[in-house]
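# Structural features, examined
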Amino acid sequence: MCFLFYFFFDHHHHHHRPPPPLPPGGTRPPPGRPRGGSPAGLVDVIEPLTRDFHVVVTSTPGTGFSGPLGEAGWNTGRIAGAFVELMARLGYDTYGTQGTGGGAWIALEMGRQAPDRVIGVHVNGLVTFPSGAPGECDGLTGPEQERLARLENFQQDGMGFNAIQSTRPQTLAHGLHDSPVGQLAWIAEKFKEWTDPDAELPEDAVGRDRLLTNISVYWFTGTAGSSANLYYESAHDPSAWAPKPRGTVPTGVAVVLDTDIAIRRFAERDHRVTHWTELEQGGNFLALEQPEAFVSDVRAFFDTLDA
């Protein structure tokens, strides 16, 4: 079932329920599952997941069908709080969350805000940072050292998009909103950078129709500026980088070896990591690139919570 639900802002989400439950010994009752970002990135995983779960797919405020934004202040904490409220209004007392990249921060923040409701958090594309503590990098494995070098290279050479969206998102928005070619180039370049390096072109990784659908959502909804707003809000939010208590909710992390930068000891420092999977193929857009692997890992993580 798909419907439009209003609260706080013109907020868009899809709510998918599984078929009627099987007799005793069949499929277990599923938790609700909010997940931020654009629904276009999840088209291949919704149906498989509804075989086991209720699935609530949200558009992050300001992105696609949940925008453009009409006011400032939509930072990670506020978005997480809105999604917690959404799940309560949909009638879920407990549920799990899943997030990719920036959505991972929202999913994890939901766990911090509502640990009595969020039974588990599954993330991919997680970014972890060294704290600077003496000796914290001692004994890193070869692959972990490669991920640390990948993070350093990203900060030095791959942050141009972040710099402009964090400081002048509206200036950028005029160019993207006025030019479909500009919008295409802005997003397609990140698909090229962040998908499986074995793919020569971004459409080789996710398919041309999926790529153009994802980009078209931003173009037709006019959300080039408001989708960049989260970067600005995060950069100007004093609490965004303030020390936070370690998360207490069980957390599952899927890491793609050739593209991700998450290092387990740093993730465990900040979160209660109970499930860690390293994948040989895919990239940041795992649900589009490797939908079967994505679904399998989500199921595997939440199965551990039922054990």
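Residues numbered from 1 in each chain as written. Predicted model: local features only at pLDDT ≥ 70, side-chain atom pairs only at ≥ 80, totals over all residues. Heavy atoms only, no water.

### Considering the side chain of Arg-147
The condition that has to hold: Secondary structure elements follow DSSP: runs of H or I of four or more residues count as helices, runs of E of two or more count as strands, with numbering from the N terminus. Should any heavy atoms of two residues lie within 4.5 Å, those residues are considered in contact.
As for its placement among the helices and strands, Arg-147 is situated in helix H4 (residues 142-157). With residues near it in sequence (within four places) discarded, Arg-147 still touches Val-255, Leu-257, Asp-260, Ile-261, Ala-262, Ile-263, Trp-276 and Glu-278.

### A word on the nonpolar core
Put simply, the rule reads: By nonpolar core is meant a set of buried Ala, Val, Leu, Ile, Met, Phe, Trp, Tyr and Cys residues that side-chain atoms within 4.5 Å join together. Between buried and exposed lies partly exposed: a residue is buried under 20% and exposed over 50% of the maximum accessible area for its type, with that area taken using a 1.4 Å probe on protein chains only.
With 30 residues, the main nonpolar core has Tyr-95 and Leu-126 as its most contacted residues. Of all the secondary structure elements, the ones that give two or more residues to this core are helix H2 (76-89), helix H3 (102-113), strand E6 (118-124), strand E7 (250-256) and strand E8 (272-279). Broken down by element, this core gets its largest block of residues, 7 residues, from H2. Every residue in contact with Leu-126, bar those within four places of it in the chain, is listed here: Ala-104, Leu-108, Val-253, Ile-261, Ala-262 and Ala-267. One finds Leu-42, Ile-46, Val-55 and Leu-279 within the second-largest nonpolar core, a separate group that totals 17 residues.

### Brief notes about the pairing of strand E5 (residues 95-100)
Put simply, the rule reads: When the strands point away from the viewer and the path from the first strand over the helix to the second turns clockwise, the crossover is right-handed.
In terms of residue burial, E5 counts as a mostly covered element, since 6 of its 6 residues are buried. Residues Tyr-95, Thr-97 and Gly-99 point to one face of E5 and Gly-96, Gln-98 and Thr-100 to the other, with burial holding for every one of them. Between the parallel pair E5 and E6, the chain is carried across by H3, and the sense of this crossover is right-handed.

### Notes on the packing of aromatic side chains
The line we're drawing: A pair of aromatic rings is counted whenever rings of Phe, Tyr or Trp (Trp by its six-membered ring) have centres within 6.5 Å, and the orientation is called stacked for planes under 30 degrees apart, edge-to-face for over 60 and tilted otherwise. To sit over a ring, a charge needs its Lys NZ or Arg CZ within 6 Å of the ring centre and within 35 degrees of the ring normal.
What the rule picks out here adds up to 9 aromatic pairs. Each ring, one from Phe-191 and one from Phe-285, has its centre 4.0 Å from the other, and the planes form 5°; the classification is stacked. Of this pair, Phe-191 sits in helix H7 (residues 180-194) while Phe-285 is found in the loop between E8 and helix H12 (286-289), placing the two residues 94 residues apart along the sequence. Across the ring face of Trp-74, the terminal group of Arg-78 is positioned such that the distance to the ring centre comes to 3.8 Å.

### Focus: the confidence of the model for the protein chain
What counts is decided by this rule: pLDDT measures how confident the predictor is about each residue, on a scale from 0 to 100.
Confidence in the prediction of the protein chain, expressed as mean pLDDT, is 87, and 87% of residues score 70 or more. Per-residue pLDDT, averaged within each element of the protein chain, yields its smallest value for strand E1 (residues 2-4) (25) and its largest for E8 (98). A low-confidence stretch, residues 1-14 (pLDDT under 50), is modelled with 49 contacts involving residues beyond four sequence positions or located in other chains. Between residues 22-31, whose pLDDT stays under 50, and residues either more than four places distant or in other chains, the model counts 18 contacts.

### Comments concerning the pattern of salt bridges
Rule in force here: Any carboxyl oxygen of Asp or Glu that lies within 4 Å of a side-chain nitrogen of Lys or Arg is treated as forming a salt bridge with it.
With the rule as written, the count across this model stands at 11 salt bridges. Put simply, Arg-89 and Glu-85 hold a salt bridge, and the shortest N to O gap is 2.6 Å. A residue pair is termed a helical-turn pair when its members lie 3 or 4 positions apart in one helix, as Arg-89 and Glu-85 do in helix H2 at 4 residues. Judged by its relative accessible area of 28%, Glu-85 is partly exposed. The salt bridge involving Lys-190 is made with Glu-189; its shortest N-O contact spans 3.1 Å. On the basis of relative accessibility, which here comes to 12%, the residue Lys-190 falls in the buried class. Taking relative accessible area as the criterion, Glu-189 reaches 37% and is therefore assigned partly exposed. Residues participating in the shared-partner salt-bridge network are Glu-136, Arg-269 and Asp-270.

### With respect to unusual backbone geometry
Cis peptide bonds are those with omega within 30 degrees of zero, and the linkage from Gly-67 to Pro-68 qualifies with -5°. Mapped onto the secondary structure, Pro-68 falls in the loop between strand E4 (55-58) and H2.

### Focus: the sheet that holds E5
Across a sheet, paired strands are connected by hydrogen bonds in the backbone, their directions being either parallel or antiparallel. Test applied: One bridge is not enough; two strands pair if DSSP finds at least two bridges between them. An axis is simply a line fitted to the C-alpha atoms; with a helix, the fit covers only the stretch in contact. Between two such axes, the angle follows the N-to-C directions and lies from 0 to 180 degrees.
As summarised here, the arrangement of the 4 strands in space is E5-E6-E7-E8, forming an open sheet in which the pairing is parallel. Each edge of the open sheet carries a strand with a single partner, namely E5 and E8. The mean angle between the axes of side-by-side strands here comes to 15°, regardless of whether they run parallel or antiparallel. Pairing of E5 with E6, which is carried by 6 bridges, proceeds in the parallel orientation. The residue of E6 that forms the bridge with Tyr-95 is Val-118. Sheet strands touched by H3: E5, E6 and E7. Its angle to E5, the strand with the most contacts, is close to 155°.

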